[in-house]
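The chain contents come next:
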Amino acid sequence: MTLSGSQRPDTAAGVDSVVVRGVEKIFDTASGRMTALTEVSLTVGAGEFVSLLGPSGCGKSTLLRLIADLDEPTAGTIEVFGKTARQARLDQDYGIAFQQAGLLPWRTVTANVELPLELHGTGSAARKARARELLDLVGLSEFGDRYPDQLSGGMQQRAAIARALAERPSLLLMDEPFGALDEMTREYMQTELVRICAETRAAVVFVTHSIPEAVFLSDRVVVMSPRPGRVEAVVPMHLGATADRADDLREDAAFFEMVTAVREALHTGSQAGRRPGSRTP
Ligand SMILES: Nc1ncnc2c1ncn2[C@@H]1O[C@H](COP(=O)(O)OP(=O)(O)OP(=O)(O)O)[C@@H](O)[C@H]1O
Ligand SMILES: [Mg+2]
């Protein structure tokens with residue numbers, strides 16, 4: 001199963017997907033100014049899978065929203081494929097998937113997947129062909145005529161991923177897309193996502209709270225610490241190509257080593273009186 005004729009544009013090859021330089025984000029709130037992010041710098045290469053991991057409130061969603069141009073940094077710069085974040089948004093260079101699938105309940109699965117194409121003027125026949133291709137990719141070929149509330153949570157997330165891929169983005173921005181799923185479905189979705197990324201060769205910035213999830217999916221894990229949010233460590237995953245990762249990796253010694261490395265980086269960052277040795281397997 002491949003996305004025939006749907007390779008991303010050659011112009012994107014070799015260009016970093018995301019370059020964040022010295023970003024600071026200050027929110028003005030009723031109780032004063034709040035620094036959500038400070039001195040955040042980060043590069044995501046072409047086709048690279050990078051996870052943002054850190055405790056609640058450390059600024060993961062804020063950083064993702066800045067990359068998506070849903071908000072603006074107070075200081076610093078963000079480039080997406082060498083353009084400003086604003087231009088990349090206008091050019092629809094990325095797809096977005098959030099914690100809730102966010103499908104429109106009154107549209108069928110096919111119509112939901114077609115929505116971004118419809119909004120940007122793609123003709124009906126091309127939309128239908130693309131939706132078929134995408135539903136096949138995410139294993140929902142049989143469910144195109146269903147409505148979202150007739151699908152399980154995992155199936156809804158897969159439909160949302162199909163929709164995010166509709167315009168062949170070279171970059172996916174995902175904020176805890178599997179957060180609401182049970183552990184088994186979640187692992188299944190992680191394996192699916194690895195496969196989908198291998199086929200589409202999209203880069204991904206993936207927000208999660210889960211250490212094993214970040215380890216399984218990522219080329220590198222960015223560990224963030226709170227108040228104010230900053231990059232505490234960037235941990236490369238020495239687990240081979242993400243495209244080759246399958247379920248058995250979860251029981252591999254190398255996987256546990258990486259989980260430990262990320263956990264230690266996270267604990268160093270958060271401190272907060274936690275005792276790293278307090279949980280023995
Ligand atoms: N629009 C806003 N106005 C004011 N403060 C905000 C706004 N958005 C986020 N914040 C604050 O910025 C900080 C970082 O929030 P953010 O949502 O990025 O955290 P997070 O790492 O995604 O947390 P979680 O894991 O709980 O989703 C928090 O203290 C939050 O209260
Ligand atoms: Mg968040």
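This text goes with the structure placed above it.
These numbers come from a predicted model, not from an experiment.

A. Highlighting the environment of Phe206. When you line up the elements, Phe206 lands in strand E8 (residues 203–208). A count of 28 C-beta atoms within 10 Å places Phe206 in the buried class. Note: C-alpha distance between Phe206 and Val222 (16 residues apart in sequence) is 9.9 Å.

B. Expanded view of the nonpolar core. Leu53, Ile67, Ala162, Val205 and Val262 are the most contacted members of the largest nonpolar core, which totals 75 residues. Per-element accounting of this core gives the leading share, 6 residues, to helix H5 (residues 153–164). With residues up to four places along the chain from it excluded, the contact list for Leu53 reads Thr208, Ile211, Ala214, Val221, Val222, Val223, Met224, Val262 and Leu266.

C. View of the site of ligand 1. Near ligand 1 lie 13 residues; those nearest to it are Phe27, Ala36, Ser56, Ser61 and Thr62. For the shell around ligand 1, the secondary-structure elements that each account for two or more residues are strand E1 (18–29), strand E2 (32–44) and helix H1 (60–67). Among the elements that take part in the shell around ligand 1, H1 stands out by supplying 3 residues, more than any other. In terms of residue class, the shell around ligand 1 is made up of 4 nonpolar, 8 polar and 1 charged.

D. Looking closely at the sheet that holds E2. In space, the 4 strands of this open sheet follow the order E2-E1-E4-E5, with antiparallel pairing throughout. The open sheet has two edge strands, E2 and strand E5 (83–84), and neither has a second partner. Judged from the 5 bridges that link them, E1 and strand E4 (residues 75–80) form a sheet pairing that is antiparallel. Among the inter-strand pairings, Val18 is bridged to a residue of E4, identified as Val80.

About the cut-offs
- Residues numbered from 1 in each chain as written.
- Chains lettered and ligands numbered in written order.
- Predicted model: local features only at pLDDT ≥ 70, side-chain atom pairs only at ≥ 80, totals over all residues.
- Helix = DSSP H or I, 4+ residues; strand = E, 2+ residues; numbered from the N terminus.
- Buried ≥ 20, exposed ≤ 12 C-beta atoms within 10 Å, placed from the backbone.
- Core = buried A, V, L, I, M, F, W, Y, C linked by C-beta atoms within 7 Å.
- Contact = placed C-beta atoms within 7 Å.
- Near = placed C-beta within 6 Å.
- Nonpolar A, V, L, I, M, F, W, Y, C, P; charged D, E, K, R; others polar.
- Pairing = 2+ DSSP bridges.

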